[in-house]
Amino acid sequence: MIISLWRYSHLLLAISSAIFLLIASVTGIILALEPMSDVIKPYAIDNIEDITISETITALQKEYDEIIEITVEENDFVIASVVTKEGNDERIYVNPRTGEKLGVPERKSGVFKFATNLHRSLFLKGIGRFFVGLISLLLIFIVITGILLIGKRQGGILKFFSKVNKEYVNQFYHVVIGRWFFVPIIIIAFTGVYLSLEKFALLPKYEVPHRISAQTEQKKETIASISFPIFKKITLTNVKSIEFPFSDDVEDYFTLELINKELIVHQFSGNILSEQQYPFVKLVSYYSLLLHTGKGNVFWSVVLLVTCVAILFFMYSGFYMTVQRRKGSNLIYNIEDKDASEYIILVGSENGSTYTFANYLRSALLSVGKTVFVAELNAYTTYQEAKHIIAITATYGDGEAPTNAKRFNRLFSTIEPVNRLQFSVVGLGSLAYPEFCKFAEDIDEMFRRHSKFISSLSLEKINNKSTDDFKNWIQKWGVSVGVSLDTKTVIEDENWKRDVFKIIDKTYINTDNTFLLRLKPRDTSIDFRSGDLLAIRPEENMVERLYSIARIDGDVILSVKKHDLGVCSTYLSKVGKGDIIKAAIKHNVNFYFPSNTKDAILIANGTGIAPFLGMMKNKNRSTRVTLFWGVRTKKSIDIYNDFINFSLMKEGTRHIAYSRENNIYVQDLIRNETDSVINVLNRGGVVMICGSNDMLKGVISVLEKAVKNQLNVSLNTFIENEQIKIDCY
Ligand SMILES: Cc1cc2nc3c(=O)[nH]c(=O)nc-3n(C[C@H](O)[C@H](O)[C@H](O)COP(=O)(O)O)c2cc1C
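Residues numbered from 1 in each chain as written. Predicted model: local features only at pLDDT ≥ 70, side-chain atom pairs only at ≥ 80, totals over all residues.

Going by what an unreviewed UniProt entry lists, the protein chain is known as NADPH--hemoprotein reductase and is assigned to Aquimarina amphilecti.

Structure below.
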């Protein structure tokens, strides 16, 4: 319960501050570059801690007529307001060792100005500043809940830095990077809050009240300012600013603003007339600014930059994990009611993967017509018609229940089952943890002790999400409860990641009962090539149907033959332009068009032409392609005209058999052209065959004879060295 409370708080805080954090981190990255860019400017002074005020004044007095003020910036640039020998007032960067003018203070560069405004106030002035302060505060809580979560995950705060098991990449790095960066993030967040409080004048007020007695004020002796002991002692690294006396009047003094205090110094004697230490609040403000901005410290600004990048990574990985967790439970939708189902599958999962296993079992049972109900262990209740209960659960923490199973123990001891039930428990865990599948053991024990539960199979522990082990268990379990379950297709199916495609073009159905579909993948980065397969499953729990595809201009082209009883082809014949379908690309690397071949012979019948449409279109100009294709009638090819204009193909490079018109089939065309096919094979070219198995048989028998007669080798030699590539169905 506690872990879920912390996790929800962590998540809720992260979600509520996401947009602002995103802006703050991106602008933070830009602003962290500012101190780095300062270093390469010509105004930076080395070893400022070695230069005394005295030396600086001496150097400046040589170069200028009068000094009005000296300011030392956080990045160790020294600015002097002076009157030049020519009588001009200037505010310039100077070298405090020589007094040399180094440049004139410029305006902040546009990018940094923009980033600063966005970072500080989102261009919303006061209200924006308030939000930024609030987000900094939330960030502190995000870090605290994060630390607690890591502690909990690692089995105690003392094991905070112990080894993290790498199970889920994002989760692993979320934890590992989190352990490295929680300190700088806390610093950034705390200083951010502090600076906001200061802006809104919410910090205790402070003043620096100097009291100078009339006596100390009196002009006693005159010493040159460069000889003042205090000026010889203090180096520029401690100075923020020095205001020079306005006139020779004894009531005008040197005012020194140092890092930690303010001094009033008599302009003739060099005596300290007043010394006021800054209160703690002001010191914290000063250091907050330095720590938050990285000003004057390139190393810290690099830390700040990397920390901002880390925050962006936490946002990405955190949301990824949340989506994964949700995805797991979303896998399950129940067709039957809990009280109408014979098989009840209860799931314990933290990160969602156990749901995939539960779904394997569910699909296997559904495919043999059983009624199944799936729920999380926390939802344990009574089941009127149930005969079997199967608990599939992960273990978390140090042998504890995953979040959605924490309540199971209590529910189990209070809810009395309606019927006697056969039970079986599967633990999904990892041998990397000392308490391997401990929670599954605990549940198994609870069922065993209960008089209304009868064990159908002993506890099964599965290490590292092994699908093979789970598959074996399904079969064993099936035998023990008297159902024969086929896991082969189910498990392979569930490993199937589907992408979303939009139908952007569809042809009419031609005389071959064939039509073409052009699909645009929603995710344009999906990797696929002509020759790959598109797996489509029109209904859940159905075996997928595979189509050979072409890739043309980033779109998927598939040629579908409509069969009267074909569920998938009927489904595809009904979809229309603009419709969305879900399908999976299956890579078919053995049927890719070789990039380096000079000669290729492509052999297809009917819809087998699909991958060749892309291959012919995208091939190198220097590659010679000869096509052999079988269709029913001349009209059959019209639907393909948008992709390949067959009539424009060079004489001799296209051989089309019209079975309904000339009673000729592809193999007949090849029989007439065996010499050219053998030539291509002999020269190292490829022969690719796509279409029906019947066509393949005919083609192979023709080629086998020709190869045997003319080359005296077996056709297998060419199949094995991948000069003959086959994709038939
Ligand atoms: C933080 C953490 C703690 C874990 N603790 C245990 C454990 O004590 N015993 C165990 O067998 N497996 C442990 N595991 C492994 C998980 O139980 C296993 O990976 C499981 O398959 C995850 O399923 P899920 O994705 O449905 O949550 C732990 C995993 C993580 C990430």
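Draft legend 1. The overall build of the protein chain, seen in detail. Counting secondary structure elements, the protein chain contains 21 helices and 25 strands. Expressed as a percentage of the 729 residues in the protein chain, the buried residues total 34%. Sequence separation of at least 24 residues holds for 73% of the intrachain contacts in the protein chain that already meet a minimum separation of 6. (Helix = DSSP H or I, 4+ residues; strand = E, 2+ residues; numbered from the N terminus. Buried ≥ 20, exposed ≤ 12 C-beta atoms within 10 Å, placed from the backbone. Contact = placed C-beta atoms within 7 Å.)

Draft legend 2. Region of the structure containing the site of the ligand. Inspection of the region around the ligand gives 24 residues, with Ser349, Ser353, Thr354, Ala394 and Gly429 positioned closest. When grouped by side-chain class, the residues that make up the shell around the ligand number 7 nonpolar, 10 polar and 7 charged. (Near = placed C-beta within 6 Å. Nonpolar A, V, L, I, M, F, W, Y, C, P; charged D, E, K, R; others polar.)

Draft legend 3. Examining the sheet that holds strand S23 (residues 654-658) more closely. Here 5 strands make up an open sheet; going across it, the order is S23-S22-S21-S24-S25 and the pairing parallel. Two strands bound the open sheet, and with one partner strand each, they are S23 and strand S25 (724-728). Within this sheet the neighbouring strands show an average axis-to-axis angle of 10 degrees, counted without direction. Pairing of strand S21 (residues 599-605) with strand S24 (residues 686-691) involves 5 bridges; the strand directions are parallel. Each residue of the ladder has a partner; that of leucine 602, found in S24, is methionine 688. Sitting on the sheet, helix H20 (residues 693-711) touches S21, strand S22 (624-631), S24 and S25, and the angle it makes with S24 is about 150 degrees. (Pairing = 2+ DSSP bridges. Axes fitted to C-alpha atoms, helices over the stretch in contact; angles between N-to-C directions.)

Draft legend 4. Local environment of the confidence of the model for the protein chain. With 96% of its residues at a pLDDT of 70 or more, the protein chain shows a mean pLDDT of 90. Averaged over each element, pLDDT in the protein chain is lowest for helix H14 (residues 488-494) (54) and highest for strand S11 (residues 388-394) (98). Scored as a whole, the predicted complex attains pTM 0.62, and scored at its interfaces, ipTM 0.99. (pLDDT = per-residue confidence, 0-100.)

Draft legend 5. Structural view of helix H4 (residues 125-153). For H4, spanning 29 residues, the distance from its first C-alpha to its last is 41 Å, which sits close to the expected 42 Å at 1.5 Å a residue. Within the span of H4, buried status applies to Val132, Gly133, Ile135, Ser136, Leu139, Ile142, Val143, Thr145, Gly146 and Ile150. Downstream of H4 by one or two residues, glycine 155 has phi in the positive range, about 85 degrees. (Expected span 1.5 Å × (residues − 1).)

Draft legend 6. Quick peek at the UniProt feature "transmembrane region" (unreviewed entry) in the protein chain. Under the feature "transmembrane region" (unreviewed entry), the UniProt entry names residues 12-33, 130-151, 172-197 and 298-319. What you have in residues 130-151 is 100% helix and 0% strand, and the ends, taken at the C-alpha atoms, are 32 Å apart. When the span residues 298-319 is considered, its composition is 100% helix and 0% strand, and the gap between its end C-alpha atoms is 32 Å. (UniProt positions renumbered as here; feature names shortened; annotations may be inferred.)

Draft legend 7. Focus on unusual backbone geometry. For lysine 125, which is not glycine, the phi dihedral falls at a positive 55 degrees. Tracing the backbone through its elements, the reader meets lysine 125 in helix H4. Phi at cysteine 437 is positive, roughly 50 degrees, even though this residue is not glycine. Structurally, cysteine 437 can be placed in the loop between strand S12 (421-429) and helix H12 (438-449). What makes cysteine 437 buried here is the crowd of 26 C-beta atoms within 10 Å.

Draft legend 8. Here's a closer look at the pairing of strand S10 (residues 372-376). When you tally the buried positions in S10, you get 4 out of 5 residues, the bulk of the element. Both strand S9 (residues 343-348) and S10 contribute to a ladder of 5 bridges, which runs parallel. The residue of S10 that forms the bridge with tyrosine 343 is valine 372. Chirality of the crossover, the property in question, places the unit of S9, helix H10 (residues 353-367) and S10 among those that are right-handed. (Right-handed = clockwise from strand over helix to strand, strands pointing away.)

Draft legend 9. A look at the nonpolar core. Among the nonpolar cores identified, the biggest contains 61 residues, and Leu602, Ile603, Leu613 and Val687 are the most heavily contacted of them. With 6 residues, the top contributor of residues to this core is H20. Ignoring any residue separated from it by four or fewer positions in sequence, one finds isoleucine 603 in contact with Phe628, Val666, Ile670, Val687, Met688, Ile689 and Val699. Formed by 43 residues, the second largest nonpolar core is a distinct cluster that contains Ala391, Tyr396, Phe408 and Phe470. (Core = buried A, V, L, I, M, F, W, Y, C linked by C-beta atoms within 7 Å.)

Draft legend 10. Quick look at the sheet that holds strand S2 (residues 78-83). Across the sheet, which stays open at both edges, the 8 strands sit in the order S4-S3-S2-S1-S5-S6-S7-S8 with antiparallel pairing between neighbours. The open sheet has two edge strands with one neighbour each: strand S4 (101-103) and strand S8 (272-277). The sheet shows a mean angle of 25 degrees between the axes of neighbouring strands, direction not considered. Those strands touched by helix H2 (residues 53-63) are strand S1 (66-72), S2, strand S3 (89-94) and strand S5 (239-243), and its axis lies near 135 degrees from that of S1.

Draft legend 11. Layout of the environment of threonine 222. Mapped onto the elements of the fold, threonine 222 is located in the loop between helix H6 (214-217) and helix H7 (229-233). Classification of threonine 222 as exposed rests on a count of 11 C-beta atoms within 10 Å. For the pair threonine 222 and glycine 270, spaced 48 residues apart in the sequence, the C-alpha separation amounts to 8.4 Å.

Draft legend 12. Representation of the pairing of S21 within the structure. In terms of burial, S21 is largely enclosed, as 6 of its 7 residues are buried. Pairing of S21 with S22 involves 7 bridges; the strand directions are parallel. The residue bridging aspartate 599 from the neighbouring strand is arginine 624, located in S22. A crossover connection joins S21 to the parallel S22 through helix H16 (residues 610-618); in handedness this β-α-β unit is right-handed.

Draft legend 13. View of the environment of glutamine 267. Mapped onto the fold, glutamine 267 is located in the loop between strand S7 (261-266) and S8. Between the alpha carbons of glutamine 267 and proline 245 there is a distance of 6.8 Å; along the sequence they are 22 residues apart. Those residues in contact with glutamine 267 that sit more than four places away from it in its chain are Pro245, Asp252, Tyr253 and Phe254.

Draft legend 14. Structural view of helix H3 (residues 110-121). Over its 12 residues, H3 extends 16 Å from the first C-alpha to the last, a length consistent with the 16 Å expected when each residue adds 1.5 Å. Of all the positions in H3, only Ala115, His119 and Arg120 are classed as buried. In an axial view of H3, the angular spread of the buried residues amounts to 120 degrees, which keeps them on one side of the axis. Exposed positions of H3 whose direction lies more than 90 degrees from the buried face are Gly110 and Lys113. One or two residues past the end of H3 sits leucine 122, with phi positive at roughly 55 degrees. (Arc of directions from axis to C-beta.)

Draft legend 15. How the structure looks around the environment of aspartate 599. Tracing the backbone shows aspartate 599 in strand S21. The class for aspartate 599 is partly exposed, based on 19 C-beta atoms found within 10 Å. Between the alpha carbons of aspartate 599 and arginine 683 there is a distance of 8.0 Å; along the sequence they are 84 residues apart. Ignoring any residue separated from it by four or fewer positions in sequence, one finds aspartate 599 in contact with Arg624, Val680, Arg683 and Gly685.

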